[in-house]
Amino acid sequence: MENNNKIRKYLIATHGKFAGGIKSSLELIAGEVENLFLIEAYIDNTLSIEDQISNVMSEIGEYNELIVFTDILGGSVTNQILQHTLNSDVHVVSGFNLPLLIEIIMAGTDTPIAEVIGPAIENARGQMAYVNKLLTEQNEDKDDQTDTN
């Protein structure tokens, strides 16, 4: 499927400096990402979140699509972004993690973004685990196997 030659642009918008930190991790793993914007809300009192969003939106043209990653569903950053999603070429993903970000950004533009986001969210959910519990269960399985031998 073709993407109508639209250029994908990305925005990471978070409370505080989380956006900058995750961008650093993203680029360490995936290399430099083109067309990536950041909003680190509420750390500079001279620039409102509304102004920051407007600055990003002014960079989004008719032949672009914007994928927005926000930190908290229902949070003020997400709520402000949602005011700009009347355009069908703006897609918002809230509550993201690094695996999700990597998968979506590394996806080819030949697949429509709406088809990329759903499976990427499911894969990202699978990356979350209480590792202590996994290790305990793994050790219990080893003990069970030893007892039967």
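Residues numbered from 1 in each chain as written. Predicted model: local features only at pLDDT ≥ 70, side-chain atom pairs only at ≥ 80, totals over all residues. Heavy atoms only, no water.

1. Quick word on a negative patch on the surface
The test is simple: Patch membership requires more than 30% relative accessible area and the absence of a salt bridge. Residues of like charge join within 9 Å; the nonpolar side chains Val, Leu, Ile, Met, Phe, Trp and Tyr join within 5 Å. Residue exposure ignores everything except the shown protein chains as possible cover, and the areas themselves are Shrake-Rupley values with a 1.4 Å probe. Each reported salt bridge corresponds to a side-chain nitrogen of Lys or Arg within 4 Å of a carboxyl oxygen of Asp or Glu. Only four residue types enter the tally: Lys and Arg on the positive side, Asp and Glu on the negative side; His and the chain ends are excluded. Where a charge lies is defined by one atom per residue type, namely NZ (Lys), CZ (Arg), CG (Asp) and CD (Glu). Only runs of H or I of at least four residues qualify as helices and only runs of E of at least two qualify as strands under DSSP, and these elements are numbered from the N terminus. A 1.4 Å probe rolled over the protein chains alone gives each residue an accessible area, and that area as a share of the maximum for its type sets the label: buried under 20%, exposed over 50%, partly exposed in between.
Together, Glu140, Asp141, Asp143 and Asp144 make up a region of like negative charge exposed at the surface. On the secondary structure map, aspartate 144 appears in helix α6 (residues 131–148). Assessed through its relative accessible area of 48%, aspartate 144 is described here as partly exposed.

2. Looking at the sheet that holds strand β4 (residues 90–94)
Put simply, the test is: Only when DSSP finds a minimum of two bridges between them are two strands counted as paired. Axes here mean lines fitted to C-alpha atoms, for a helix over just the part in contact, with angles spanning 0 to 180 degrees between N-to-C directions. Residues count as neighbours in contact if any of their non-hydrogen atoms are within 4.5 Å of one another.
Taken together, the four strands give an open sheet; going across it, the order is β2-β1-β3-β4, and neighbouring strands pair in parallel fashion. Among the strands making up the open sheet, the edge pair consists of β2 (36–41) and β4. On average, each strand axis in the sheet is tilted by 20° relative to the strand beside it, whichever way the strands run. Each of β1 (7–15) and β2 touches helix α1 (residues 18–30); the most contacted strand, β2, lies at about 145° to it. Running over the sheet, helix α5 (residues 113–125) touches β1, β3 (64–70) and β4 and is turned about 5° from β4.

3. A look at the packing of α1 against helix α4 (residues 98–106)
Definition in use: Should an angle fall under 35 degrees it is called roughly parallel, over 145 degrees roughly antiparallel, and 65 to 115 degrees roughly perpendicular, with every other angle called oblique. Each crossing is labelled by how the near helix is turned from the far one, with a counterclockwise turn of less than a right angle marking it left-handed and a clockwise turn marking it right-handed.
Closest axis-to-axis distance for the α1/α4 pair is 10 Å, and the angle between their directions is 55°. In terms of axis orientation, α1 runs oblique to α4. Seen along the crossing, α1 lies across α4 with a hand that is right-handed. Contacts between α1 and α4 pair Ile22, Ser25, Leu26, Ile29 and Ala30 from the former with Leu98, Leu101, Ile102, Ile105 and Met106 from the latter.

4. Section: the nonpolar core
What counts, and what does not: Here the nonpolar core consists of buried residues drawn from Ala, Val, Leu, Ile, Met, Phe, Trp, Tyr and Cys, with membership extended through side-chain atoms lying within 4.5 Å.
If you look at the biggest cluster of nonpolar residues, it comprises 20 residues, and the most contacted ones within it are Tyr10, Ile12, Phe69, Phe96, Leu100, Leu101 and Ile104. Broken down by secondary-structure element, the contributors of at least two residues to this core are β1, α1, β3, α4 and α5. In terms of residue count, the dominant contributor to this core is α5 (five residues). Each residue touching phenylalanine 69, except ones within four places of it in the same chain, is listed here: Tyr10, Leu11, Ile12, Ala13, Val93, Phe96, Leu101 and Ile104. Ranked by size, the runner-up nonpolar core spans 14 residues in total, among them Leu11, Ala13, Ala41 and Val56.

5. Focus: the environment of methionine 106
Positionally, methionine 106 belongs in helix α4. We classify methionine 106 as exposed; its relative accessible area is 52%.

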